[in-house]
Amino acid sequence: MIHTENLSRIFQTDLIETTALQLVNLDVKKGEFVAIMGPSGCGKSTLLNILGLLDCSSSGQYFFDGTEVTVLSEKQRTLLRKGNIGFVFQSFNLIDDLNVFENVELPLVALGTSRSKRKKMVNEILEYMQIGHRKDHFPRQLSGGQQQRVAVARALITSPKLILADEPTGNLDSQNGEQVMQMLEKLNTEGTTIVMVTHSMNHAERAHRIINLFDGKIITEQVDRTFQPVYNLNS
Amino acid sequence: MFTHSFNILARRFRKDPVFSLATLLGLTLGFASFILLGQFINAMLSYDRCQEHYDRIYRVQFFMNQQDNRVQHSASVTAALSRHDLVGLPEIEEIALIHDVGDNNKNGIFLSADKEREFLTRWGFYADPSVFSIFTFHFTEGGPEKALSEPFTIVLSQSLANKIFNGKPALGKQIYFENKLVCTVTGVYKDFPDKSTWEPAYLLPMESFTAITGWKGYEDNYRAYSFMTYVLLKKNADPAQVDAKIHYAMKDYNEMHFPYLRPMSQLYLNPYFQPDFYIAIGLLIFNGLLILILSSINYVNLQTANASTRFREIGIKKTIGFTRRQLWYQFMAENLILAMISCIMAILLVRYVSPLVNRLMGGETLSTDYNYSLLMVVVVITALITGILSGIYPAYAISSFNPVKALKQKLIEEKQNGLSLRKVLVTAQFSIAIFLLVVGFVFYRQTHYMVNRNMGFDSEHVLFANIVTDKKGPTSTLRQNLMSHAEIVDVCHSDYIPFVLPGGADVNWEGGFPDEKTFIRYSQIGYDFVSTFDLKIVEGRNFSRDYPGDFDKCLLNETAIQTFGWKDPIGMKLDIRGRSFTVIGIIKDYIVFSVHNPLEPHFYRLIPDTISSNTIFSVRFKPGTERKAKEIVEREFQSFFPDDAFEFKNIQSRIQNENAVTEWRHLMKINLLFAVLSIFVSSIGLFGLILFYTRTKLKEVGIRKVLGFTGGQLYYTLASTFVKLLVISVVFAWPAAFYAYKSLPGANKYPIQIWEFLIATGIILLVALTTISYQIIRALRVNPAEIIKDE
């Protein structure tokens, strides 16, 4: 699913050159649940952005589902991302001016799905995420946990191959955090590949594999041997 | 996508009504100004449009090649031209010969139903019955068939009939002319609309012309240029054909005069090939477009500024997989929706405002009773174009945000140094506002100047009346009686006074070639004309009762001397209307009848101290005694002319109502309206922009406050940014405004002064600083702790 070779990312401002990622070699298999850990500023989010095709590497190669991504234009990357990758953020990143239904619907709008089909799919996913009764509410009217469930619903609506979660539990209390973790685990067992950045060891341990980043480099990998790649899902 | 955009718009509007309203209102005012301008121009172009045969009506005019290569045009033609040369031309369907009743340039004629209540009435005409076939008359009493076919009949306009007969039916009733002649009313027609170049108050049959005026043989006279002629061409007839056929019609009598047809569509805007109106309209269109641009700039500024509050939305949409094009469409849709809403608001606004504007400006300044749908189509198209044009940049800017940065809300606003688009736009905005203000001033000052400048004669303390009488005899007793009052300074009689269009004639002068002629204004004045109007004799002497031979002498103005190229004019001779005159004095140039038009050569000959049938009497009074003087004058004249009707007016009434003055006043009002609107639009724009600016700077304000900065320093930082842009805008606005001033038509322009530019700039500065102050004070009242923690 994900394969990188010597991926580096250098940020340049007028005077300073910052190396955010340095020669990162990473493989994530289909159906895997990977957690990325590390201190602030170690490059976790940069890595996630590159994996999510939001940002480009400065050097190295990145293959997403077999496609060499580093040579693609912005437009091609957008098209590849659309429907294939779902994002969940720490700060939920719901659009304030749209209600729950409209927020979840957005990826389908981007895909150009018909209105009737959109309605059906959104209602289904909202029921699945147990938030259907709140579909006419606006984000500010919801609790943090509810907001994150909406965000997850939005990430899932297109049945993406990969979900990238950037500290999905960071802004939630333990109870709501636990709910979101259970949701992610459930998705994973149903076949979705997940890459999650987290500060919580507790949550990281529930992944198949933990990758520790420090100063832009992968320093250790703890592998959970119980994981066996699952094929023929989502394909 | 459309409903999505609409939803987002509506919700943003609810969330931030002030900013959204500023955005919307700026655009609305821009569109509204545009529509108002359209109505104004439409009103100017709609002159005479009420005529059914608008496209086929022509006025016969002629041009004369002048001595100094000038070409002069005139609509006063000879009757013989109409009666002989136009008759029988295959292109012409109808010809109407028309002549003023009395002299409409003066005060008019007294009409009365009972010899008691007399109405001084201008704009009466003798006319052929064919006027009814050429012009569109709507009869309310009687009909066109017999209206002007009998002698001593009269056809009244509805308003005049109502006035004279107190609203009762007029048909068959009798009307007294100057309490002498009696005419029978044979018809009443609806008044012509205000927007008519020919607006008769009443008509008399041309057949009675000789009987009433005593002028025999006018129909064969090729030298008396006091008639007007309108013709109706046949369908598809070519006016150029007629022009070619009549071009040399007058050559046996004056080889410099060439008649031609002028179409009705030009009679108001450009009757004599003087593009003055077109220049004014051009400037107005330019101003209207500027306001539209101004409001578009506002819009662009506000929308791009506002975009930064939508980083999250844009970031998420991009992350989710919206392509740039999809986002671009979304924002363009938003812009178009906003433009359409503004457009609808503007149309509604104008609907309610234009009657008010009309009332404010007097008359039908804006035309409202025309084909509304056409204007609406134009307006909607303009709104669409404006929406697209002013949406392109914000949509582009927004859709090209980097999603990662946008999500982190880390988008760097704009480079601190260097030319950012927003700075350019704000500068443009300032420039346009200053330009419009200065132009508004120019029109205001010019109009003021045309009325109040030193005319070169006493334009404030003279009462005058046109008296038509059968009385004969000397005027000396009248003069003596009047002069016995301390309030009266001087009295004179003449056939012309300033701001009454004088007649003219061709003149041949000593030193010119024997058959060389030029056009000169021709006036007949009494001994005391020069002193009554306080004119200056710069060389030679005035007419004097001590010189019995003065009836063969003449006075000239300075312009005439220049035209003839005379070095030593006193004693020179000239031939005019078949008589020879010797120059005895030069009158200093003064404004003869219009500040707007250049001075012409002017010739004055003497008339004796006796009453003539049609004379203007002028009385100069001591300053501050006008009311008393008027009483005295009316009393004395009443006893001297007991059988005649007259009405004394101050000469100011002529100056204020002179054509060029009224047109300038008209233009001034509309320009001032635009200037005020532009101030409104730019303050709204500034308000929004500064509101946004202070909001983004809230954190900075908080930190600064924590660090102990005062409001004054903050104010200075913010204000200096805008003041710098204002200074730059001056570089563009001032020369542009000066150029506009220079290109305005008119012979006598007031000297423009630097303070007008300074005041205009000052007003904009004040608007900017007030807005900044308001926002800064609001920003400062926020608790710094609140701002800083809001990360």
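Because the structure is predicted, anything quoted here is derived from the model rather than measured.

## Points about the overall build of chain A
Logical step 1: Across its full length, chain A holds 7 helices and 10 strands.
Logical step 2: Here the C-alpha atoms of chain A give a radius of gyration of 18 Å, agreeing with the 18 Å that 2.2 N^0.38 yields for 235 residues.
Logical step 3: Across its three principal axes, chain A shows a C-alpha extent of roughly 45 × 45 × 40 Å.
Logical step 4: Considering chain A as a whole, with its 235 residues, one finds that 55% of them fall into the buried category.

## Some points on the interface of chain B and chain A
Logical step 1: Contact with chain B, which involves 22 residues of that partner, is made by 25 residues of chain A.
Logical step 2: Across the chain B/chain A interface, buried area totals approximately 2,200 Å², and carbon plus sulfur atoms make up 59% of it.
Logical step 3: Its largest share of buried area at the contact with chain A, chain B owes to Arg11(B), Thr319(B) and Ile320(B), together 26% of the area lost on that side.
Logical step 4: Applying the counting criterion to the chain B and chain A interface returns 4 salt bridges.
Logical step 5: Where Glu102(A) meets Arg11(B), a salt bridge forms, and the shortest distance between an N and an O atom there is 2.4 Å.
Logical step 6: For the pair chain B and chain A, the number of links is 8 residue pairs in polar contact (both at pLDDT 80 or more).
Logical step 7: Broken down by secondary-structure element, the contributors of at least two residues to the side of chain B that touches chain A are α1 (2-15), α10 (311-320), α11 (324-361) and α13 (403-407) of chain B.

## Things to note about the confidence of the model for chain B
Residues and elements named next belong to chain B.
Logical step 1: On average, chain B scores 84 in pLDDT, and the residues at 70 or more come to 92%.
Logical step 2: In this model, residues 411-418 is a region of pLDDT below 50 whose contacts with residues beyond four sequence positions or in other chains number 11 contacts.
Logical step 3: As a predicted assembly, this complex carries a pTM of 0.75 together with an ipTM value of 0.80.

## Some details on the sheet that holds strand β3 (residues 33-37) of chain A
All names here are of chain A.
Logical step 1: Taken in spatial order, the 6 strands line up as β6-β7-β8-β3-β9-β10 in an open sheet, and their pairing is mixed. Edge strands, defined here as strands with exactly one partner in the open sheet, are β6 (85-89) and β10 (217-223). The mean inter-strand angle of the sheet, taken between neighbouring strand axes irrespective of direction, is 15 degrees.
Logical step 2: Pairing analysis gives 6 bridges linking strand β9 (residues 209-214) to β10, with the strands arranged antiparallel. Residue pairing in the sheet places asparagine 212 in a bridge with threonine 220 of β10.
Logical step 3: Where helix α6 (residues 174-189) meets the sheet, its contacts fall on β3, β7 (162-166) and β8 (193-197), and the angle it forms with β8 comes to roughly 150 degrees.

## A short note on the packing of α1(B) against helix α2 (residues 17-45) of chain B
Helix-helix packing: each pair is described by the crossing angle between the helix axes and the interaxial distance.
Residue and element names in this part refer to chain B.
Logical step 1: With their axes 5 Å apart at the nearest point, α1 and α2 run at an angle of 120 degrees to one another. One element, α1, and the other, α2, form an angle in the oblique class. On the side of α1, the interface is formed by Arg12, Phe13, Arg14 and Lys15, while α2 contributes Pro17, Ser20, Leu21 and Leu24.
Logical step 2: Residue composition of the contact of α1 with α2, by class: 4 nonpolar, 1 polar and 3 charged.

## Considerations on α10(B)
Residues and elements named next belong to chain B.
Logical step 1: Among the 10 residues in α10, 9 count as buried, and that is most of the element.
Logical step 2: Those residues of α10 that sit buried are Phe311, Glu313, Ile314, Gly315, Ile316, Lys317, Lys318, Thr319 and Ile320.
Logical step 3: Note on α10: the residue one or two positions beyond its end, glycine 321, has a positive phi of about 120 degrees.

## Some points on the pairing of strand β22 (residues 602-606) of chain B
Residue and element names in this part refer to chain B.
Logical step 1: Burial analysis of β22 places 5 of its 5 residues in the buried class, which makes it a mostly covered element.
Logical step 2: Neither face of β22 is open: one carries His602, Tyr604 and Leu606, the other Phe603 and Arg605, and all of them are buried.
Logical step 3: Summarising the sheet, strand β17 (residues 518-525) and β22 pair through 5 bridges and their orientation is parallel. Pairing of tyrosine 522 across the sheet is with phenylalanine 603, part of β22.
Logical step 4: Judged from the 3 bridges that link them, strand β19 (residues 553-557) and β22 form a sheet pairing that is antiparallel.

## Some remarks on the sheet that holds strand β5 (residues 67-68) of chain A
Residues and elements named next belong to chain A.
Logical step 1: Within the open sheet, the 4 strands sit side by side as β2-β1-β4-β5. Their pairing is antiparallel. Of all the strands in the sheet, just β2 (17-28) and β5 have a single pairing partner and so form its edges.
Logical step 2: Here strand β1 (residues 2-12) pairs with β2 via 8 bridges, running antiparallel. Paired with arginine 9 across the two strands is leucine 21, which belongs to β2.

## Focus on the pairing of strand β16 (residues 503-509) of chain B
Residues and elements named next belong to chain B.
Logical step 1: Summarising burial for β16: 5 of the 7 residues are buried, a large majority.
Logical step 2: By the bridge criterion, 5 bridges tie β16 to β17 in an arrangement that is antiparallel. Bridge pairing links alanine 505 to isoleucine 520 in β17.
Logical step 3: Of the strand pairs in this sheet, β16 and strand β20 (residues 573-576) are connected by 3 bridges, and their pairing is antiparallel. Across the sheet, tryptophan 509 pairs through a bridge with leucine 574, a residue of β20.

## Overview of the packing of aromatic side chains
Residues and elements named next belong to chain B.
Logical step 1: This structure, assessed with the given rule, holds 54 aromatic pairs over all chains.
Logical step 2: One cation-aromatic arrangement involves lysine 317 over phenylalanine 322; the distance from NZ or CZ to the ring centre is 5.9 Å.
Logical step 3: Lying over the aromatic face of tyrosine 547, arginine 541 brings its terminal NZ or CZ to 3.7 Å of the ring centre.

## What to know about the environment of Asp552(B)
All names here are of chain B.
Logical step 1: With respect to the helices, strands and loops of the structure, aspartate 552 is situated in the loop between β18 (537-540) and β19.
Logical step 2: Since its relative accessible area comes to 41%, aspartate 552 is described here as partly exposed.
Logical step 3: Put simply, aspartate 552 and isoleucine 759 are 207 residues apart on the chain and 56 Å apart in space, counted from C-alpha to C-alpha.
Logical step 4: Those residues in contact with aspartate 552 that sit more than four places away from it in its chain are Arg579, Ser580, Phe581 and Thr582.
Logical step 5: Within the local environment of aspartate 552, its side chain forms a polar contact with the side chain of arginine 579, the two groups lying 3.0 Å apart.

## Notes on the environment of Trp664(B)
Residues and elements named next belong to chain B.
Logical step 1: By the secondary structure assignment, tryptophan 664 is in helix α20 (residues 659-696).
Logical step 2: With a relative accessible area of 5%, tryptophan 664 lands in the buried category.
Logical step 3: Remark: the alpha-carbon pair of tryptophan 664 and alanine 280, spanning 384 residues in sequence, is separated by 9.3 Å.
Logical step 4: If we skip the residues at most four places from it in the chain, tryptophan 664 touches Phe443, Gln446, Thr447, Met450, His596, Leu744 and Pro745.
Logical step 5: Engagement of the side chain of tryptophan 664 in a polar contact is seen with the side chain of histidine 596, the distance being 3.1 Å.

## Examining the pattern of salt bridges
All names here are of chain A.
Logical step 1: A complete count under the given rule lists 28 salt bridges over all chains for this structure.
Logical step 2: A salt bridge links lysine 161 to aspartate 65; the shortest N-O distance between them is 3.1 Å. Within this pair, whereas lysine 161 is found in the loop between α5 (144-156) and β7, its partner aspartate 65 is found in the loop between β4 (59-64) and β5, the two being separated by 96 residues in sequence.
Logical step 3: Taking relative accessible area as the criterion, aspartate 65 reaches 29% and is therefore assigned partly exposed.

## Regarding the nonpolar core
Logical step 1: Membership of the largest hydrophobic core comes to 129 residues, with the highest contact counts inside it found for Phe430(B), Ile434(B), Phe457(B), Phe529(B), Phe533(B) and Tyr590(B).
Logical step 2: When residues in this core are grouped by element, the largest group, 18 residues, is from α20(B).
Logical step 3: Once you skip the residues sitting within four places of it in the chain, Tyr590(B) turns out to touch Met455(B), Gly456(B), Phe457(B), Tyr496(B), Pro498(B), Phe529(B), Leu535(B), Leu599(B), His602(B) and Tyr604(B).
Logical step 4: Counting residues in hydrophobic clusters, the runner-up holds 50 residues, among them Ile50(A), Tyr62(A), Val195(A) and Ile398(B).

## Section: the side chain of Glu68(A)
Residue and element names in this part refer to chain A.
Logical step 1: In this structure, glutamate 68 sits in strand β5.
Logical step 2: The side chain of glutamate 68 is buried and forms no salt bridge, while arginine 77, the nearest opposite charge, is found at 10 Å.
Logical step 3: Only 2.8 Å separates the side chain of glutamate 68 from the side chain of glutamine 61, close enough to count as a polar contact.
Logical step 4: Among the polar contacts listed, one links the side chain of glutamate 68 to the side chain of threonine 70, at a separation of 2.2 Å.
Logical step 5: What glutamate 68 contacts, discounting residues up to four positions off in sequence, is Gln61, Tyr62 and Phe63.

Rules behind the numbers
Residues numbered from 1 in each chain as written. Chains lettered and ligands numbered in written order. Predicted model: local features only at pLDDT ≥ 70, side-chain atom pairs only at ≥ 80, totals over all residues. Heavy atoms only, no water. Helix = DSSP H or I, 4+ residues; strand = E, 2+ residues; numbered from the N terminus. Rg over C-alpha atoms; globule rule 2.2 N^0.38 Å. Buried < 20%, exposed > 50% of the residue type's maximum accessible area, 1.4 Å probe, protein only. Contact = heavy atoms within 4.5 Å. Buried area = accessible area lost by both parts, 1.4 Å probe. Salt bridge = Lys/Arg side-chain N within 4 Å of Asp/Glu carboxyl O. Polar contact = N/O pair within 3.5 Å; in protein donor to acceptor, adjacent residues only side chain to side chain. pLDDT = per-residue confidence, 0-100. Pairing = 2+ DSSP bridges. Axes fitted to C-alpha atoms, helices over the stretch in contact; angles between N-to-C directions. Parallel < 35°, antiparallel > 145°, perpendicular 65-115°, else oblique. Nonpolar A, V, L, I, M, F, W, Y, C, P; charged D, E, K, R; others polar. Phe/Tyr/Trp six-rings, centres within 6.5 Å; stacked < 30°, edge-to-face > 60°. Lys NZ or Arg CZ within 6 Å of the ring centre and 35° of its normal. Core = buried A, V, L, I, M, F, W, Y, C linked by side-chain atoms within 4.5 Å. Lys, Arg positive; Asp, Glu negative; His and termini not counted.

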